[in-house]
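Spelled out, the chains give:
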Amino acid sequence: RTMIDRAKARDLEATINFAFGEDRYVGRLANGMIDFKPGAAADPDLAIAADPPANLAAVLYGKAPYELIAWTGDRALLDALVDLYHLPPKAPVPAH
């Protein structure tokens, strides 16, 4: 599972292909959740490839530039997808 903002995802429905090297997955975004399965959809709304896979994490969680990934499809959906992912606040560092 991922750290997706389920409230923001509630009204989104999409099929998204993900490619990491030779590995392929299809994500189905619906009802505030995204479920992943091996494979690829024939006609996805968005397709994302990241090599290395950490580049996608940098885009989703670090809000890095889209140039770190290859993508095709709906730019507004890509923007919405990126907006669904946020890291939790950092834990405070204990005083010594």
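This write-up is about the structure you can find in this document.

What counts, and where the lines are drawn
- Residues numbered from 1 in each chain as written.
- Predicted model: local features only at pLDDT ≥ 70, side-chain atom pairs only at ≥ 80, totals over all residues.
- Heavy atoms only, no water.
- Pairing = 2+ DSSP bridges.
- Helix = DSSP H or I, 4+ residues; strand = E, 2+ residues; numbered from the N terminus.
- Axes fitted to C-alpha atoms, helices over the stretch in contact; angles between N-to-C directions.
- Contact = heavy atoms within 4.5 Å.
- Core = buried A, V, L, I, M, F, W, Y, C linked by side-chain atoms within 4.5 Å.
- Buried < 20%, exposed > 50% of the residue type's maximum accessible area, 1.4 Å probe, protein only.
- Arc of directions from axis to C-beta.
- Polar contact = N/O pair within 3.5 Å; in protein donor to acceptor, adjacent residues only side chain to side chain.

1. What to know about the sheet that holds strand β4 (residues 46-49)
- Strands sit in the order β3-β2-β1-β4-β5 across an open sheet of 5 strands; the sheet is mixed. One side of each edge strand has no neighbouring strand; the edge strands of this open sheet are β3 (33-38) and β5 (70-73). Ignoring strand direction, the axes of neighbouring strands in this sheet form an average angle of 20°.
- In terms of strand pairing, strand β1 (residues 14-20) meets strand β2 (residues 23-30) through 7 bridges, oriented antiparallel. Within β2, the residue paired with Phe20 across the bridge is Asp23.
- Helix-sheet contacts for helix α3 (residues 75-83) involve β1, β4 and β5, and the interaxial angle to β4 is about 60°.

2. A look at the nonpolar core
- In this structure, Ile16, Ile48 and Leu81 are the most contacted members of the largest nonpolar core, which totals 22 residues.
- Element by element, the count of residues in this core is highest for α3, at 4 residues.
- Excluding residues that lie within four positions of it along the chain, Ile48 makes contacts with Ile16, Asn17, Phe18, Ala19, Leu56, Ile69, Ala70, Trp71, Leu78 and Leu81.

3. What about helix α2 (residues 54-62)?
- For α2, every residue scored as buried is listed here: Asn55, Leu56, Val59 and Leu60. One side of α2 holds all its buried residues, which, seen down the axis, span an arc of 130°. Of the exposed residues in α2, those oriented more than 90 degrees away from the buried face are Ala54 and Gly62.
- Backbone geometry just downstream of α2 places Lys63 in the positive-phi region, at approximately 60°.

4. So, the environment of Arg24
- Checked against the element boundaries, Arg24 lands in strand β2.
- The exposure class of Arg24 is partly exposed, given its relative accessible area of 40%.
- Setting aside anything within four residues of it in sequence, one finds Arg24 in contact with Phe18, Ala19, Lys37, Pro38 and Gly39.
- A polar contact of 2.5 Å, which involves the side chain of Arg24, links it to the backbone oxygen of Gly21.

Read these as spatial facts, not as claims about activity.
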